[in-house]
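Report on the structure
The chain contents come next:
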Amino acid sequence: MGIFSVLDREHTIAPPGYSRWLIPPAALAVHLCIGQAYATSVYKTSLVKHFDTSQTAIGVIFSIAIVMLGLSAAIGGTWVERNGPRKAMFVSASFWASGFAVGALGIATGQLWLVYLGYGFIGGIGLGIGYISPVSTLIKWFPDRPGLATGLAIMGFGGGALVASPLSRQLLSMYDAGYDPKVSSSVAGSGALVGLFLTLGIGYFLVMMFGVFNIRVPAPGWKPAGFDPASVKAKPLVTTANVSAANAIRTPQFWLLWTVLLCNVTAGIGILEQASPMIQDFFRTDGKSSVAVAAAAGFVGLLSIFNMAGRFAWSSTSDVIGRKPIYAMYLGVGMVFYFLLASIGSSSTLVFVALAAVILSFYGGGFATVPAYLRDLFGTYQVGAIHGRLLTAWSLAGVAGPLIINGFLDREGKPGTLTADAYRPALFTMVGVLAIGFIANLLIRPVAARHHEKTESETAGSHA
């Protein structure tokens, strides 16, 4: 028996009496760590100065990571299903930590391409495998409440920045006495950046190991006490059949849901990526903004909280009202709120903050609810692999959202001189984007039986 055999699926089957409530903390341990990807802005200015390059060149690091997240989730999804969550989490932790180590080497030697390779490419593979690794397992442990289960884990990805941002600032100030974590324009030296990357890499690897050794898969035939599978069948759009990942991508339902996720994420990223300058620009008169830099930073933190809370609250609500109605709310109410943001958002900071916060809660909720939507449509058989393929929509949205917003803003003027009027064309465009997603969601119907995997009785009958 090899030392790594402990990672095999057969060694992760839960013993009788194992509490399923131990699974969400194991998943959360992974998602909180990889959620650091949302906190890269903390040291972005320091990297710009260190490499003496542009904001765009440093921003490419994050873009590569998100593209690799989608690609590795899509390509590795079936492997994750076959090998189980423990091995997948270990692989994720290894890639994620290695990405920081290679990135640190790039900073130490002044080679930006090594940071692209490390944090972007290698780390991005860790992101993708880590993101999908616990999802299928959670759905199998919580067949009665899949939205709540996936919301608990994916909430961690949205909240990872809330931990990583202050932690990164404190580590930088510890490694560089000249760095002030309270000043947004403060720049850390190369030694502090190397120390930060190595500390985060080691620290995250250890925390993710907690998830690795505590994750379990349910024994064959296990179900929660008092749970009747027939009650699932009674719900609209919910199947008790199963569809393979290979067959799922041949169905219109997959591509309709892919479009729904693309539109919801594109609209949310549009605000998230531009949040701090956006609130300052909306309340700018005579070249001066009434919103201070510190207040804008607080607004970004508030959006992170709503992004995280929406992942749990809305996905849990979907267990009660259904997945299709909750997406109708994300997209339909989202259209209304984007329109209001464009038309009356500049009337008061309270109105602006409230509208943006709800929009970001829908953004987070869309991420957390989609695995349960997939389970409803395609069953539990290869739901993790199907989820991985669907996340390519996120990769495209991660490029499309900022492109739409920045494309309009570049045409309107220079950063620091823009007002609310400059944002209106982009925000009205997002209303149209959400409308496309709304229509796609309305068109989703149950998957045709010809795509279902054969049951044992059907297989036996065909051989008779």
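It should be noted that the structure appears before, not after, this text.
Residues numbered from 1 in each chain as written. Predicted model: local features only at pLDDT ≥ 70, side-chain atom pairs only at ≥ 80, totals over all residues. Heavy atoms only, no water.

**Considerations on the overall build of the protein chain**
- Looking only at helices and strands, one finds 19 helices and two strands in the protein chain.
- A globule of 464 residues ought to have a C-alpha radius of gyration of about 23 Å, and the protein chain, at 22 Å, matches this closely.
- Along the longest, intermediate and shortest principal axes, the C-alpha atoms of the protein chain span 80 × 55 × 35 Å.
- Across the 464 residues in the protein chain, those meeting the buried criterion constitute 53%.
- For the protein chain, restricting intrachain contacts to residue pairs at least 6 apart in sequence, the fraction spanning at least 24 positions comes to 84%.
- Within the structure as shown, the protein chain displays about 18,700 Å² of accessible surface, and the carbon and sulfur contribution to it stands at 67%.
- Taken as two groups, the 29 positive and 19 negative side-chain charges of the protein chain have centres that lie 4 Å from each other. (Helix = DSSP H or I, 4+ residues; strand = E, 2+ residues; numbered from the N terminus. Rg over C-alpha atoms; globule rule 2.2 N^0.38 Å. Buried < 20%, exposed > 50% of the residue type's maximum accessible area, 1.4 Å probe, protein only. Contact = heavy atoms within 4.5 Å. Areas by Shrake-Rupley, 256 points an atom, 1.4 Å probe, with all protein chains shown as cover. Lys, Arg positive; Asp, Glu negative; His and termini not counted. Charge placed at Lys NZ, Arg CZ, Asp CG, Glu CD.)

**Some remarks on a nonpolar patch on the surface**
- On the surface, Leu32, Val163 and Leu167 cluster together into a nonpolar patch covering about 220 Å² of accessible area.
- Mapping Val163 onto the fold places it in helix α7 (residues 146-175).
- Overall, the relative accessible area of 47% leaves Val163 in the partly exposed class. (Patch = residues over 30% accessible without salt bridge, like charges linked within 9 Å, V, L, I, M, F, W, Y side chains within 5 Å. Salt bridge = Lys/Arg side-chain N within 4 Å of Asp/Glu carboxyl O.)

**Thoughts on the pattern of salt bridges**
- Counted under the stated rule, the structure contains seven salt bridges.
- Residues Lys140 and Glu81 are paired through a salt bridge, measuring 3.6 Å at the closest nitrogen-oxygen approach. One end of the pair, Lys140, is in helix α6 (residues 135-141); the other, Glu81, is in helix α3 (residues 55-83), with 59 residues separating them in the sequence.
- Across the pair Asp281 and Arg284 runs a salt bridge whose closest N-O atoms are separated by 2.5 Å. Assigned by exposure class, Asp281 and Arg284 land together as buried.
- Connected through salt bridges with shared partners, the residues Asp319, Arg323 and Asp376 form a single ionic network.

**Some remarks on the layout of surface pockets**
- Taken as a whole, the second largest pocket spans an internal volume of roughly 750 Å³.
- If you go around the second largest pocket, you meet 31 residues; those closest to its centre are Lys140, Pro218, Gly221, Trp222 and Thr380.
- Elements with a minimum of two residues in the lining of the second largest pocket: α3, α6 and α9 (229-233).
- With four residues, the top contributor of residues to the lining of the second largest pocket is α6. (1 Å grid on protein atoms, 1.4 Å probe; cavity = no way out; pocket = protein on both sides within 12 Å on 5 of 7 lines; lining within 4 Å. Points joined across faces, edges and corners; volume = space filled by probe spheres on them.)

**Focus: empty space enclosed by the protein**
- Counted by the stated rule, this structure contains one cavity of 30 Å³ or more.
- The computed volume of the largest cavity comes to approximately 60 Å³.
- As for the largest cavity, its lining consists of Asn264, Ala267, Gly268, Tyr330, Gly334, Tyr338, Ile359, Phe362, Tyr363 and Leu434.
- Listing elements by their share of the lining of the largest cavity, those giving two or more residues are α11 (252-272), α14 (323-344) and α15 (349-378).
- Classifying every residue of the lining of the largest cavity gives seven nonpolar, three polar and no charged. (Nonpolar A, V, L, I, M, F, W, Y, C, P; charged D, E, K, R; others polar.)

**Let's talk about the packing of aromatic side chains**
- One pass over the structure, following the stated rule, counts 28 aromatic pairs.
- Each ring, one from Trp96 and one from Phe100, has its centre 5.0 Å from the other, and the planes form 75 degrees; the classification is edge-to-face. One end of the pair, Trp96, and the other, Phe100, are both in helix α4 (residues 85-109), four residues apart, so they sit about a helical turn from each other.
- For Trp96, a relative accessible area of 1% gives the class buried.
- Take Phe100: its relative accessible area is 1%, and that puts it in the buried class.
- For the ring pair Phe282 and Tyr423, a centre distance of 5.5 Å and an interplane angle of 55 degrees mean the geometry is tilted. Pair noted here: Phe282 is in helix α12 (residues 275-282) and Tyr423 is in helix α18 (residues 420-442), with a separation of 141 residues, a long-range link.
- In this structure Tyr423 comes out as buried when scored by relative accessible area, which is 0%. (Phe/Tyr/Trp six-rings, centres within 6.5 Å; stacked < 30°, edge-to-face > 60°.)

**Here we look at the environment of Ile132**
- With respect to the helices and strands, Ile132 occurs in helix α5 (residues 112-132).
- Linking Ile132 and Glu81, residues 51 residues apart in sequence, is a C-alpha distance of 9.5 Å.
- Not counting residues within four places of it along the chain, the set of residues in contact with Ile132 comprises Ala73, Gly77, Val80, Gly384, His387, Gly388 and Leu391.

**Let's talk about unusual backbone geometry**
- Of note, Asp52 is a non-glycine position whose phi angle comes to about 50 degrees, a positive value.
- Looking at the secondary structure, you find Asp52 in the loop between α2 (44-51) and α3.

**Re the packing of α3 against helix α17 (residues 392-412)**
- Packing of α3 against α17 leaves a shortest axis separation of 7 Å and a crossing angle of 165 degrees. Judged by the inter-axis angle, α3 sits roughly antiparallel to α17. The two elements α3 and α17 meet at a crossing, and its hand is left-handed. Each of Ile66, Val67, Leu69, Gly70, Leu71 and Ala74 in α3 lies in contact with α17, whose residues at this interface are Thr392, Trp394 and Ser395.
- Of the residues in the contact of α3 with α17, the class split is six nonpolar, three polar and no charged. (Axes fitted to C-alpha atoms, helices over the stretch in contact; angles between N-to-C directions. Parallel < 35°, antiparallel > 145°, perpendicular 65-115°, else oblique. Left-handed = near helix turned anticlockwise from the far one by under 90°.)

**Remarks on the environment of Thr266**
- Within the secondary structure, Thr266 is located in helix α11.
- With 139 residues separating them in the primary sequence, Thr266 and Ile405 have C-alpha atoms 10.0 Å apart.
- With near-sequence residues (within four places) excluded, Thr266 lies in contact with Ala397, Ala400, Gly401, Ile404, Met430 and Val433.
- Reaching out from Thr266, the side chain makes a polar contact with the backbone oxygen of Leu262 at a distance of 2.6 Å. (Polar contact = N/O pair within 3.5 Å; in protein donor to acceptor, adjacent residues only side chain to side chain.)

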